[in-house]
Amino acid sequence: MIPNLLPRDGIARYHGPIFSEQEAWEIFTRLMSTLPWQHDEVMMFGKRIVTARKVAWFADAGIPYRYSGTVKQATAWNVEMAELKGRIERLTGLTFNSCLANLYNHGGEGMGWHSDDEKSLVRHAGIASLSLGAERPFAFRHRTSGEVLSLSLENGSLLVMAGEIQERWKHALPK
């Protein structure tokens, strides 16, 4: 079994690359041209902000995604996303009903400290994060102790978060 990166209060399993370097770049290139990328809109400090990053939301029929004061309507799974979903489900033994794809164009874009703890998400459910493209730093920070754990997400790698991690830890993709 893949070891838990966290010392307590949640589960974070880093599988490392699940695709060869060549296969990961091929998937990245296909998704860049086939996903319906749109700039994300969020509510911050009472104002609607359009982010530099782009997103694409996929889900089973009838599943919206609510976060940061906005509601995202999903696109039906396309062939590429359905194949990735199936591979990750077989590898992890988990079932996923949705995917928020995030596109960070360069290392100057990132995501600050947050938890994926929206009320519309199933409590303690697994969240899989597949990284494609350039290697990026990723960090966890415990909400009470302030302890920080960092790792590098490699091209084609998979990180799975589950259990009480969203309640006890925040995570970030530093610029």
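In what follows, the accompanying structure is described.

What counts, and where the lines are drawn
Residues numbered from 1 in each chain as written. Predicted model: local features only at pLDDT ≥ 70, side-chain atom pairs only at ≥ 80, totals over all residues. Heavy atoms only, no water. Helix = DSSP H or I, 4+ residues; strand = E, 2+ residues; numbered from the N terminus. Rg over C-alpha atoms; globule rule 2.2 N^0.38 Å. Buried < 20%, exposed > 50% of the residue type's maximum accessible area, 1.4 Å probe, protein only. Contact = heavy atoms within 4.5 Å. Areas by Shrake-Rupley, 256 points an atom, 1.4 Å probe, with all protein chains shown as cover. Phe/Tyr/Trp six-rings, centres within 6.5 Å; stacked < 30°, edge-to-face > 60°. Lys NZ or Arg CZ within 6 Å of the ring centre and 35° of its normal. Pairing = 2+ DSSP bridges. Axes fitted to C-alpha atoms, helices over the stretch in contact; angles between N-to-C directions.

## Thoughts on the overall build of the protein
- Counting secondary structure elements, the protein contains three helices and twelve strands.
- Its C-alpha radius of gyration of 16 Å places the protein within 12% of the 16 Å reference for a compact globule of 175 residues.
- When each of the 175 residues of the protein is scored for burial, the buried share is 36%.
- Taking all contacts inside the protein whose residues are at least 6 apart in sequence as the whole, residues at least 24 apart take part in 67%.
- Total accessible area on the protein is roughly 9,800 Å²; 54% of this is exposed by carbon and sulfur atoms.

## Details of the packing of aromatic side chains
- Under the definition given, this model contains three aromatic pairs.
- Measuring from centroid to centroid gives 5.4 Å for Trp25 and Phe28, while their planes differ by 85 degrees, and the two rings are edge-to-face. Of the two residues, Trp25 and Phe28 are both situated in helix α1 (residues 21–34); the distance of three residues between them amounts to about one turn of the helix.
- Taken together, a centroid distance of 5.2 Å and an interplanar angle of 75 degrees make the contact between Phe138 and Phe140 edge-to-face. Taken individually, Phe138 and Phe140 each receive the classification buried, so the pair is uniform in this respect.
- The cationic tip of Lys85 hangs over the ring face of Trp77; the distance from NZ or CZ to the ring centre is 5.5 Å.
- Note that Arg136 overlies the ring of Tyr104, its terminal NZ or CZ placed 5.8 Å from the centroid.

## Some points on the sheet that holds strand β6 (residues 98–103)
- Here we have three strands laid out as an open sheet, ordered β2-β3-β6, and antiparallel in their pairing. Taken across any chain shown, the strands that pair with only one partner, and hence form the sheet edges, are β2 (38–44) and β6. Neighbour to neighbour, the strand axes of the sheet diverge by 50 degrees on average, direction disregarded.
- As paired elements, β2 and strand β3 (residues 47–59) share six bridges and run antiparallel to each other. Looking at the pairing, His39 lines up with Lys54 of β3.

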